[in-house]
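Each chain, written out:
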Amino acid sequence: MIRVDQVSHQIGGAPILHDISLEIPKGGITALIGPNGAGKSTLLSLMARLQVLRQGEIHIDDMQIGKVSDRVLARHLAIMAQSTHVSARLRVEELVAFGRYPWHRGRPGPEDHALVEAAIARFGLGPMRARFLDEISGGQRQRAFVAMAFAQDTDYLLLDEPLNNLDIAGARSLMRLLRQMADEDGKTVVIVLHDINYAARFADRIVALHEGRVAAQGPAAEVVTDALLRDVFGTDAEVSVIDGQPVVLV
Amino acid sequence: MLGPLAVLSLFIGAVPVSLGGFLHDPEGQQLLLVSRIPRTLAAILAGAALAVSGQIMQILARNRFVEPMTAGAGQSAAMGILIAAMLFPATAIWAKMSIAALTTLAGSLGLLLILRPLPPTLPLLVPLVALIYGGLIDGLVTFIAFQADMLQYVGTWMTGELSGVLAGRYELLWLAGGAAAACWIIADRLTVMSLGEDAARGLGLNTKLVTGAGLVAVSITTAMVVVTLGAIPFVGLIVPNIVARRMGDNLRRAIPVTALSGAVLVLGTDILGRVLRAPYEIPVSTLVGLLGAAVFLYLLYREPARAA
Ligand SMILES: Nc1ncnc2c1ncn2[C@@H]1O[C@H](COP(=O)(O)OP(=O)(O)O)[C@@H](O)[C@H]1O
Ligand SMILES: [Mg+2]
């Protein structure tokens, strides 16, 4: 379980998050949604100790962010940040293999190799495994980064807008893979999505952020409403229920 | 390629010597031991270490186009030598070298600090700022040297060349070679660094420690080369770029190739410099500079979009 207790955050004096308290249960997919600038990335990077937590507490199971070492946390929680700008020229398979770094710290064993192979196969990267990251499409690169996070083999997987750059087929297949990881491997996935429909379709729970506050949380059917679109997203788009699932008609 | 070049290097110089001369003539043996072997080793060590230090600096600065020798580190080393000469004129080489290593460390740290706020979306800004930074320190060194009437003294460290290398006067370069070898030991960590600060910390890497280790390695290399031979620019720029293009940036595999290529480049240009206008010599730094400037421009124009 990820427990966020009264977390506030400022950047350069500007308040970004206000007194956020939140519980993300173990297992399943939790989607973070909200308009641009709502603080989704900030909250995710605080959970992953990429920014320094100054006010409030965050616990990942019994590990407290700020107290637990980076090395230990890296075996429990993987983070894929929003901008995955990598200047290094690495091959797809090399990138995925670095997901094992927290476990072997430079000396990969047979188990590490096996898990890397599994990640490459699962994410369909076999045909492009020997290509350099700057020689594949943006969507393929995105998948390689998720595969790396998967190879890290952590209980928690935090992903910031992994559907960026993906076409509809790529986006759906990635969400299905995440679904599979949650259902079959028991992973806890926290994912920032900007497309509410993907959140409603694939996530077990949705947390909506608005101006640094939690505006709504719960299952999609409860959260995704006309009122949410109006008050949080500032749009008069309507929600229709199809097959018992809310769908935003854009 | 390095092997034949090294053998060639032993036979080329102002005084011609044959294999028989090295084997049987005591004077020839003396020449070999005191001058030719040290000179060859110096070129190999300096070339390998400079190329690797460039590769490390490019990871730390997150930009392919910076190179310690021209981006402040080389100039800071000259500053260190100048300070040592002014404050403690009579001190031994190791004092000069320590002070130079420290100023180089400060200089490279300064570079990283001023590069940090630059947006990754404007990759060409980084080498530009780095060159200006190097130029500033260079100007400062020149100014101080001018005031202290030591311009000529400093000048000898500004152009790197190997004609003065003799046994007993190049051994500091083993330290540079050692620093490069140490980088190979932490190659995986450095490659993880190149994924970016966030991704690296997400993988549990102590990024501050690795940055510190990288900076120390770069500074030792640069300072030792400048103290022993003088500044040799561009090796750290063109070699890593060409190696990255051919085999990528997985440093576990790339560093040995980079080191070897750097050694070939410096040794090759040194031999060329000895041959072109024999019996006079053209400094290594001049030849490498010519070659490097051309390759640098080619690299800049070849992939502007993916420069970072
Ligand atoms: N480095 C930064 N400096 C200043 N403001 C920032 C910085 N990063 C984010 N912000 C501000 O924090 C707010 C939340 O940003 P972010 O968490 O990235 O939002 P989201 O991911 O929901 O779009 C925005 O208003 C943004 O302008
Ligand atoms: Mg964001």
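Presented here is a report on the structure given in the accompanying data block. For clarity, every value in this text was computed on a predicted model and none was experimentally measured. (Residues numbered from 1 in each chain as written. Chains lettered and ligands numbered in written order. Predicted model: local features only at pLDDT ≥ 70, side-chain atom pairs only at ≥ 80, totals over all residues. Heavy atoms only, no water.)

1. Observations regarding the site of ligand 1
Residues and elements named next belong to chain A. The full set of residues close to ligand 1 is Ile 11, Ile 16, Pro 35, Asn 36, Gly 37, Ala 38, Gly 39, Lys 40, Ser 41 and Thr 42. One nitrogen or oxygen atom from the main chain of Ala 38 is found 3.2 Å from an oxygen atom belonging to ligand 1. The fraction of the free accessible surface of ligand 1 (560 Å²) that becomes covered by protein chains is 54%. In terms of residue count, helix 1 (residues 40-47) provides more of the shell around ligand 1 than any other element does, three residues in total. Residue composition of the shell around ligand 1, by class: four nonpolar, five polar and one charged. (Near = heavy atom within 4 Å. Polar contact = N/O pair within 3.5 Å; in protein donor to acceptor, adjacent residues only side chain to side chain. Areas by Shrake-Rupley, 256 points an atom, 1.4 Å probe, with all protein chains shown as cover. Helix = DSSP H or I, 4+ residues; strand = E, 2+ residues; numbered from the N terminus. Nonpolar A, V, L, I, M, F, W, Y, C, P; charged D, E, K, R; others polar.)

2. Observations concerning the coordination of the magnesium ion (ligand 2)
Residues and elements named next belong to chain A. Protein coordination of the magnesium ion (ligand 2) is provided by Ser 41 (OG) and Gln 82 (OE1), with donor distances spanning 2.0 to 2.4 Å. One end of the pair, Ser 41, is in helix 1; the other, Gln 82, is in the loop between strand 6 (77-80) and helix 3 (92-98), and 41 residues separate them in sequence. Judged by relative accessible area, Ser 41 falls into the partly exposed class, the value being 27%. (Donors = N, O, S within 2.8 Å, 3.2 Å for Na, K, Ca; no water. Buried < 20%, exposed > 50% of the residue type's maximum accessible area, 1.4 Å probe, protein only.)

3. Quick notes on the sheet that holds strand 6 of chain A
All names here are of chain A. An order of 6-7-8-3-9-10 is seen for the six strands of this open sheet, with the pairing classed as mixed. Both edges of this open sheet fall to strand 6 and strand 10 (213-218), since each of them pairs with a single strand only. Mean inter-strand twist for the sheet, computed between neighbouring axes without regard to direction, equals 15°. Bridge count for strand 9 (residues 205-210) against strand 10 is five bridges, and the pairing is antiparallel. Along strand 10, the bridge assignment pairs Val 207 with Gln 217. (Pairing = 2+ DSSP bridges. Axes fitted to C-alpha atoms, helices over the stretch in contact; angles between N-to-C directions.)

4. Structural notes on the packing of aromatic side chains
Residue and element names in this part refer to chain A. Evaluation of the coordinates by the stated rule reveals two aromatic pairs over all chains. With 5.6 Å between their ring centres and 55° between their planes, Phe 123 and Phe 150 make a pair best called tilted. Highlighted residues: Phe 123 in the loop between helix 5 (110-122) and helix 6 (138-151) and Phe 150 in helix 6, separated in sequence by 27 residues. For Phe 123, a relative accessible area of 1% gives the class buried. What makes Phe 150 buried here is its relative accessible area of 13%. Looking at Arg 89, its charged tip hangs above the ring of Phe 132, at a distance of 4.0 Å from the centre. (Phe/Tyr/Trp six-rings, centres within 6.5 Å; stacked < 30°, edge-to-face > 60°. Lys NZ or Arg CZ within 6 Å of the ring centre and 35° of its normal.)

5. Thoughts on empty space enclosed by the protein
For the coordinates displayed, the defined rule picks out one cavity of 30 Å³ or more. Of the volumes computed, that of the largest cavity is approximately 140 Å³. If you trace the largest cavity, you find 13 residues lining it, with Ala88(A), Gln58(B), Ile59(B), Arg64(B) and Asp249(B) closest to the centre. Looking at the lining of the largest cavity, the element that brings in the most residues is helix 3 (residues 26-60) of chain B, giving three residues. Looking at the lining of the largest cavity residue by residue, the class counts come to five nonpolar, five polar and three charged. (1 Å grid on protein atoms, 1.4 Å probe; cavity = no way out; pocket = protein on both sides within 12 Å on 5 of 7 lines; lining within 4 Å. Points joined across faces, edges and corners; volume = space filled by probe spheres on them.)

6. A look at the sheet that holds strand 5 (residues 63-64) of chain A
All names here are of chain A. Ordered in space as 2-1-4-5, the four strands form an open sheet in which the pairing is antiparallel. On the outer flanks of this sheet lie strand 2 (14-24) and strand 5, each paired with one strand and no other. By the bridge criterion, five bridges tie strand 1 (residues 2-11) to strand 4 (residues 55-60) in an arrangement that is antiparallel. Each residue of the ladder has a partner; that of Ser 8, found in strand 4, is Gln 55.

Read these as geometric descriptors, not functional statements.
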